[in-house]
Amino acid sequence: MPLTIATLAEQPRWDLDRTLALPGWCRGDALGPWGENLTRRFGADALTRVRRQLPAEHARIAPVLTARDTVPAHAQLVLTEAIVDEFLGGDLRALAPLLIEDTRASIGRIQRAVVKTMGAHRAIAHGARGFRDIYDRASADAATAKGRARVPFRGHELFAQPTWRALQLMATATVLDLAGTPGTVTGEDLGDDAFATVATW
């Protein structure tokens, strides 16, 4: 059965120790100006509120991260889960439209135009080629055809984590939005260290 953001949101979360044990690093712009976005949307005390939800090792994570920064791969997951719990009533599904809105705001008009010119096929394939620029291990590749793009991720236990999987579906949905291409995004469970996103339009 294809996985969706809704079905992944219903799956039991990994316990915190299991998530924190995930190895590897990711580039800071995978989180971007997360603190600024929270403050703009939820008020001046938003950072303080979410930091109270974080494990000690991530409680001082910078509110703005760029491509020059690196953070543990699990930081993205515990931060996402803390934001969902503190501001979205624990509903991971509610994060998707906020990520689209924040991405559209952060990349600017020119970059949005570039993605739209590229089209969904090329934009998704470009993202897959750049995967190892974002994460320090494992791989991703894209197979595209008319009206469809499938991206399998292989070789890292991170790819089995339900929140990470949901974030990949949200990221792909964001690409479709930026490309001006209405469509659907589902996922495929490929095992303990693999996952695939499938976009159709």
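The paragraphs below set out a description of the structure included in this document. (Residues numbered from 1 in each chain as written. Predicted model: local features only at pLDDT ≥ 70, side-chain atom pairs only at ≥ 80, totals over all residues. Heavy atoms only, no water.)

## Quick look at the pattern of salt bridges
- Tallying each qualifying case throughout the model produces twelve salt bridges.
- A salt bridge links Arg49 to Glu86; the shortest N-O distance between them is 2.9 Å. Taken together, the positions of Arg49 in helix H4 (residues 46-51) and Glu86 in helix H5 (residues 73-87) put the pair 37 residues apart, joining distant regions of the chain.
- Judged by relative accessible area, which is 22%, Arg49 ranks as partly exposed.
- If you follow the salt bridges from partner to partner, you end up with Arg40, Arg41, Glu101 and Asp102 in one network. (Salt bridge = Lys/Arg side-chain N within 4 Å of Asp/Glu carboxyl O. Helix = DSSP H or I, 4+ residues; strand = E, 2+ residues; numbered from the N terminus. Buried < 20%, exposed > 50% of the residue type's maximum accessible area, 1.4 Å probe, protein only.)

## Things to note about the environment of Ala171
- Relative to the elements of secondary structure, Ala171 occurs in helix H8 (residues 162-178).
- For Ala171, a relative accessible area of 37% gives the class partly exposed.
- Separated by 67 residues in sequence, Ala171 and Arg104 have C-alpha atoms that sit 12 Å apart.

## As for the pairing of strand E5 (residues 148-154)
- The buried count for E5 comes to five of seven residues, which makes it a mostly enclosed element.
- Relative to E5, strand E3 (residues 139-140) is paired through two bridges, and the arrangement is antiparallel. Paired with Ser139 across the two strands is Arg154, which belongs to E5.
- Pairing of strand E4 (residues 143-145) with E5, which is carried by three bridges, proceeds in the antiparallel orientation. Its bridge partner being in E5, Thr144 is matched across the sheet by Ala149. (Pairing = 2+ DSSP bridges.)

## Quick word on H5
- Here H5 contains 15 residues, and its C-alpha end-to-end distance of 22 Å stays within 8% of the 21 Å for a straight helix at 1.5 Å per residue.
- Within H5, 13 of the 15 residues are buried, which leaves the element mostly enclosed by the surrounding structure.
- Looking one or two places after H5, you find Gly89, whose phi comes out positive at around 60 degrees. (Expected span 1.5 Å × (residues − 1).)

## Remarks on the packing of aromatic side chains
- Under the definition given, this model contains eight aromatic pairs.
- Ring centres 5.4 Å apart and planes at 55 degrees place the aromatic pair Phe131 and Phe153 in the tilted group. Placement of the pair is Phe131 in helix H7 (residues 131-134) and Phe153 in strand E5, with a sequence separation of 22 residues.
- Exposure remark for Phe153: the relative accessible area of 7% places this residue in the buried category. (Phe/Tyr/Trp six-rings, centres within 6.5 Å; stacked < 30°, edge-to-face > 60°.)

## Notes on the packing of H5 against H8
- Across the interface, H5 lies against H8 with an axial gap of 9 Å and an inter-helix angle of 85 degrees. Between H5 and H8, the angle is such that the two are roughly perpendicular. Judged by residue contacts, Gln76, Leu77, Thr80 and Glu81 of H5 engage Thr163, Trp164 and Leu167 from H8.
- By residue class, the composition of the contact of H5 with H8 is three nonpolar, three polar and one charged. (Axes fitted to C-alpha atoms, helices over the stretch in contact; angles between N-to-C directions. Parallel < 35°, antiparallel > 145°, perpendicular 65-115°, else oblique. Contact = heavy atoms within 4.5 Å. Nonpolar A, V, L, I, M, F, W, Y, C, P; charged D, E, K, R; others polar.)

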